[in-house]
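Observations on the three-dimensional arrangement
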Protein chains: 2
Amino acid sequence: MKWYYGKASSEGVVLSSRVRLARNLENYPFPKKCSPDTKKEICQKIKNTVEQLACERFNYINMEDQSVIDKNILLEDHLVSREFCEGDCAGKLLITDEQNTVSVMINEEDHLRIQSIMPGLDIEGAYERANYIDDIICQGEKVAFDEKLGYLTSCPTNLGTGMRASVMLHLPALTSCGQIKNLVVLMTKIGLTVRGLYGEGSEAEGCLYQVSNQITLGVSEKDAIEKLTSAVGQIVERERQLRETLLSGGGLDFEDSICRSYGILRYAKKLSSKEFLKLWSDVKFGVESGVIRDIHDINLTRMLVEVMPAHILAKYPEAAQSSKRDEKRAEMIKNYLM
Amino acid sequence: MKWYYGKASSEGVVLSSRVRLARNLENYPFPKKCSPDTKKEICQKIKNTVEQLACERFNYINMEDQSVIDKNILLEDHLVSREFCEGDCAGKLLITDEQNTVSVMINEEDHLRIQSIMPGLDIEGAYERANYIDDIICQGEKVAFDEKLGYLTSCPTNLGTGMRASVMLHLPALTSCGQIKNLVVLMTKIGLTVRGLYGEGSEAEGCLYQVSNQITLGVSEKDAIEKLTSAVGQIVERERQLRETLLSGGGLDFEDSICRSYGILRYAKKLSSKEFLKLWSDVKFGVESGVIRDIHDINLTRMLVEVMPAHILAKYPEAAQSSKRDEKRAEMIKNYLM
């Protein structure tokens, strides 16, 4: 089971909601200053705590033992950060539950990065799940906490709640109308950040954007979540209005371009990741707006993740060359759509 | 019934075969020098002859009474020449049989242009059919014929047999490999001409070419037909070889572009004539080469003709604007392909 097997509730604009909590243990330096042995000690301590106190079974993934493909699958699944996969992986441990709704990175930037991801708009649900793990850790470990500053973190931007809540949005209409720049400015003004599919610095391919809270100091988790939820609600509303305008106002031009993308996605024999994301975005828009009527009950979020390079490679080891991967991607998509 | 309802025999490379005979009546000036009354007299004479001597029923279409749309339908059906539709149509009569396999233009460049068109490679069949009409005319009328020069025609390029035999070829592989120029040079050397879809001066859209005999003086009809048939056989052979090379040699690139065209043709909401011809050509190639397997028993030649502008307009009078016609074209194609 993966988080993206689930059905999203909010009619497609919001793909997923994510909350991560940054935590550190008292009496240990931050990971950057830890020796490999100390890191391993921290991993073992936390693993023991989770095993003793949690009622459910967890997977413990030693990042040092993971192949490049395995690491990239975790990355494409949004279970780990790019930073967690890169460089020396000694003393990096990933803890996940069976459903992959929660993952704990040990010795990323902080000792603990507890993360929960849920399909659709469900920041509250993601927070509850992450919080449940946080409670377990706090029961078994002395967590670095200051009465005035809150949770102490390696980077001062996470001080306070140590919480980053984010949602993944699909915004084809806002993108098509050139309103993303305005959105970014507006969100920044109210302390929120807009980024591309794979987080910081990544390009917004497939009209996919992450919106997250920026401020962790001087606000409660509850307030931060409410603020983000409210902002996302407004973005979703605006996106829906614009979709209607685009479809009713522009003659057949918009429908035509959506349907052509569908035709290509369905019949092409080769598709690069980049082209796929563009077509995927059009088709998702088309399905949700009723322009494309001949595919039903397709989990487009799952498709999005499962045709990313590492996922293809894991299934087809012969597809090491990107051109071969482009063929396999087209094949897999055909199977989804038929 | 129209000629293009029939199934072609030669596996798609040859769409149709056509023979036309130029004839003139003795004791009348060529049409260009005729008064409107004389032209009408000629029409009446020939009509009487056909009615008296032919065993089958013919349609008599007075070009003066035809709307612009009707004329263009005849043109798109390849039953008349553009010249026959343009200018003053007084005294122009078209005679066709029920199956539209034969048409006689009265007072085009010559008094009579007897034309027969057959699906696939069947120049012989087209000649026989045209010849049958020619025999009827010759029984009832004094046809201008010179022992030394043969049939006398308005333009000296038709002197002799007065016969132009042509085949319509679909040559996507030769086009894609840039070999059309060579073909034109080669054909010219042996007295044959290569032209686009709608004859002289027209562009070769949809990889469609007409190959016809140029020489009418000093050769028999039989020899001219044999020469053309043999040349066409060689072109077809070369085209087939190249198709195999393209599909086996180029990896998936060629299949990919064919399949994308199919996807667009199937799902687009708007298609111009020009874009349609390009996609149609790819899809025809794809069906014949087995790359596209999910459409069967589709008469692509019929589709080609029936989505041309005048045919659409006749069916949907509201589609006077070309943008509206592009929508109807896409709709019609969807219906063909579903």
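Right above here is the structure, for reference.
Now for a description of the structure that goes with this document.

Quick notes on the overall build of chain A
- The number of helices and strands found in chain A is twelve helices and ten strands.
- Against the globule reference of 20 Å for 338 residues, chain A gives a C-alpha radius of gyration of 21 Å, in line with a compact fold.
- Counting only C-alpha atoms, chain A reaches 65 × 45 × 35 Å along its principal axes.
- A burial count over chain A gives 57% of its 338 residues as buried.
- In chain A, the share of contacts with a sequence separation of at least 24, taken over all contacts with a separation of at least 6, comes to 71%.
- Total accessible area on chain A stands at roughly 14800 Å², and carbon and sulfur atoms take up 50% of it.

A word on the pattern of salt bridges
- By the definition in use, this model includes 48 salt bridges over all chains.
- The shortest N-O distance in the salt bridge between Glu108(A) and Arg113(A) comes to 3.5 Å. Of the two residues, Glu108(A) and Arg113(A), neither departs from the other in class, the shared state being buried.
- A salt bridge links Lys269(B) to Glu255(A); the shortest N-O distance between them is 3.8 Å.

Some points on the interface of chain B and chain A
- Contact residues are listed per partner, giving 18 residues for chain B and 18 residues for chain A.
- Looking at the side of chain B facing chain A, the largest losses of area belong to Arg260(B), Tyr267(B) and Lys269(B), adding up to 40% of the total buried there.
- Where chain B meets chain A, there are six salt bridges.
- Across the pair Asp253(A) and Lys270(B) runs a salt bridge, and its minimum N-O distance is 2.5 Å.
- Taken together, chain B and chain A are joined by twelve residue pairs in polar contact (both at pLDDT 80 or more).
- Looking at which element gives the most residues to the side of chain B that touches chain A, the answer is helix α8 (residues 253-267) of chain B, with ten residues.
- In terms of residue class, the side of chain B that touches chain A is built from seven nonpolar, one polar and ten charged.

Quick notes on the relation of the copies chain B and chain A
- Once chain B is rotated about the relating axis by 180 degrees and shifted along it by 0.0 Å, it coincides with chain A to within an RMSD of 0.0 Å. Here the transformation between the copies is reduced to the relation of a two-fold axis. By C-alpha distance to the rotation axis, the residue of chain B lying nearest is Gly263(B), at 1.9 Å.
- A share of 100% of the interface residues of chain B reappears at the interface of chain A, consistent with the copies meeting face to face through the same patch.

The rules we used
Residues numbered from 1 in each chain as written. Chains lettered and ligands numbered in written order. Predicted model: local features only at pLDDT ≥ 70, side-chain atom pairs only at ≥ 80, totals over all residues. Heavy atoms only, no water. Helix = DSSP H or I, 4+ residues; strand = E, 2+ residues; numbered from the N terminus. Rg over C-alpha atoms; globule rule 2.2 N^0.38 Å. Buried < 20%, exposed > 50% of the residue type's maximum accessible area, 1.4 Å probe, protein only. Contact = heavy atoms within 4.5 Å. Areas by Shrake-Rupley, 256 points an atom, 1.4 Å probe, with all protein chains shown as cover. Salt bridge = Lys/Arg side-chain N within 4 Å of Asp/Glu carboxyl O. Buried area = accessible area lost by both parts, 1.4 Å probe. Polar contact = N/O pair within 3.5 Å; in protein donor to acceptor, adjacent residues only side chain to side chain. Nonpolar A, V, L, I, M, F, W, Y, C, P; charged D, E, K, R; others polar. Least-squares fit on C-alpha atoms with pLDDT ≥ 70 in both.

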